[in-house]
Amino acid sequence: MKDYFEQLLKKSNIKLDNSKVEILLKYLRLLTEKNKVMNLTAIRDEKEILEKHFIDSLLLSELFLHTDKKIIDIGTGAGFPGLVLAVAFPEKDFLLVDSVRKKISFIDEAAENLGLTNVKTSYERAEDLVTKSRSSFDLGLCRGVANLRIILEYMIPLLKVNGRFLPQKLNENELSESENALKTLNSKILKIHKFRLPESNDERIIIEIQKLKEISSRYPRKTGIPAKKPL
Ligand SMILES: C[S@@+](CC[C@H](N)C(=O)[O-])C[C@H]1O[C@@H](n2cnc3c(N)ncnc32)[C@H](O)[C@@H]1O
């Protein structure tokens, strides 16, 4: 499996030293073991997990800046993309959030097993985090959680002014309907980055969004409202 992972990394132009590759392979083993008793990922094949979860998470690496110190991943599930990136960037601090307690318990267990000291977790809903973490993060990550205009309302209040949000999407379909959310939340799209996964050649999109100035304390609205009545 190590050779295969190294091939994928090479094809994707991602540089990771051997110790980080070893830690990620240990995480793969913990994940596949746990996946037998709880539903963490629908993908069962280890090679496919490496490409569609691990490499897909690592695609974000080239958009990271050295000034990005505090990073939040909302709806991290089994740790994608946040836990993978916490291995790749031990000098950055990650808060991994999910509303499902057992997923966060798996992350806590995995982070301890992998010896990661830069990972904190929270099993809150994104909308509830804002009371203690408004305007706190340099960088926001979110993959596979909800429509762009919904996750914008979850994420932008948590970012510092000038902080960036890098949501991962399969295509650009949600962009046009997100214009109102971007405007209401004083944010703009800096760039749309396109990637191809190295084996399947599937397309992946990372939208680079910046928070331009502080936003009204009305956002996020009450828990559940952003998804029920998107901006
Ligand atoms: C489809 S999974 C994606 C998991 C992971 N990001 C990935 O790409 O594999 C979506 C996750 O988002 C979490 N989630 C959904 N809405 C949330 C919210 N409002 N706050 C926190 N987590 C949420 C769910 O519990 C679930 O684990």
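Residues numbered from 1 in each chain as written. Predicted model: local features only at pLDDT ≥ 70, side-chain atom pairs only at ≥ 80, totals over all residues.

**Q** Sorry, what's going on with the sheet that holds strand β7 (residues 203-211) here?
**A** In space, the seven strands of this open sheet follow the order β3-β2-β1-β4-β5-β7-β6, with mixed pairing throughout. Of all strands in the sheet, those bounded by a partner on one side alone are β3 (119-122) and β6 (187-196). Neighbour to neighbour, the strand axes of the sheet diverge by 20° on average, direction disregarded. Bridge count between strand β1 (residues 70-74) and strand β2 (residues 93-97): five bridges; the pairing is parallel. Across the sheet, the residue bridging to Ile-74 is Val-97, located in β2. (Pairing = 2+ DSSP bridges. Helix = DSSP H or I, 4+ residues; strand = E, 2+ residues; numbered from the N terminus. Axes fitted to C-alpha atoms, helices over the stretch in contact; angles between N-to-C directions.)

**Q** Would you take a moment to explain the site of the ligand for this structure?
**A** With respect to spatial proximity, 15 residues lie near the ligand, and among them Gly-75, Gly-77, Ala-126, Arg-143 and Gly-144 are the closest. Looking at the shell around the ligand residue by residue, the classes come out as six nonpolar, five polar and four charged. (Near = placed C-beta within 6 Å. Nonpolar A, V, L, I, M, F, W, Y, C, P; charged D, E, K, R; others polar.)

**Q** Even after reading the chapter, I still don't get the UniProt feature "binding site: S-adenosyl-L-methionine" (unreviewed entry) in the protein chain, so can you show me in this structure?
**A** Here, the residues flagged by UniProt with the feature "binding site: S-adenosyl-L-methionine" (unreviewed entry) are Gly-75, Phe-80, Ala-126, Glu-127 and Arg-143. What makes Ala-126 buried here is the crowd of 28 C-beta atoms within 10 Å. Here Ala-126 is in contact with Ile-74, Val-97 and Tyr-154, once residues within four sequence places are set aside. Within the element layout of this structure, Arg-143 appears in strand β4 (residues 137-143). (UniProt positions renumbered as here; feature names shortened; annotations may be inferred. Buried ≥ 20, exposed ≤ 12 C-beta atoms within 10 Å, placed from the backbone. Contact = placed C-beta atoms within 7 Å.)

**Q** Explanation requested: the pairing of β1 in the structure shown.
**A** Within a regular beta strand, the side chains point alternately toward one face of the sheet and then the other, so they alternate between its two faces. In terms of residue burial, β1 counts as a mostly covered element, since four of its five residues are buried. Once you follow β1 into helix α4 (residues 82-88) and on to β2, the crossover reads as right-handed. Two strands pair when backbone bridges link them, and β1 and β4 are joined in this way by three bridges, in the parallel orientation. Bridge assignment links Ile-71 to a residue of β4, and that residue is Leu-139. (Right-handed = clockwise from strand over helix to strand, strands pointing away.)

**Q** What should I look at first to understand the packing of helix α2 (residues 18-34) against helix α3 (residues 46-58) in this one?
**A** How two helices pack is summed up by the angle between their axes together with the distance between the axes. Relative to each other, α2 and α3 sit at 115°, their axes nearing to 11 Å. Judged by the angle between their axes, α2 and α3 are roughly perpendicular. The interaxial crossing formed by α2 with α3 has right-handed handedness. Every residue of α3 that contacts α2 at Leu-24, Leu-28 and Thr-32 is listed here: Glu-46, Ile-49, Leu-50 and Phe-54. Taken together, the residues of the contact of α2 with α3 sort by class into five nonpolar, one polar and one charged. (Parallel < 35°, antiparallel > 145°, perpendicular 65-115°, else oblique. Left-handed = near helix turned anticlockwise from the far one by under 90°.)

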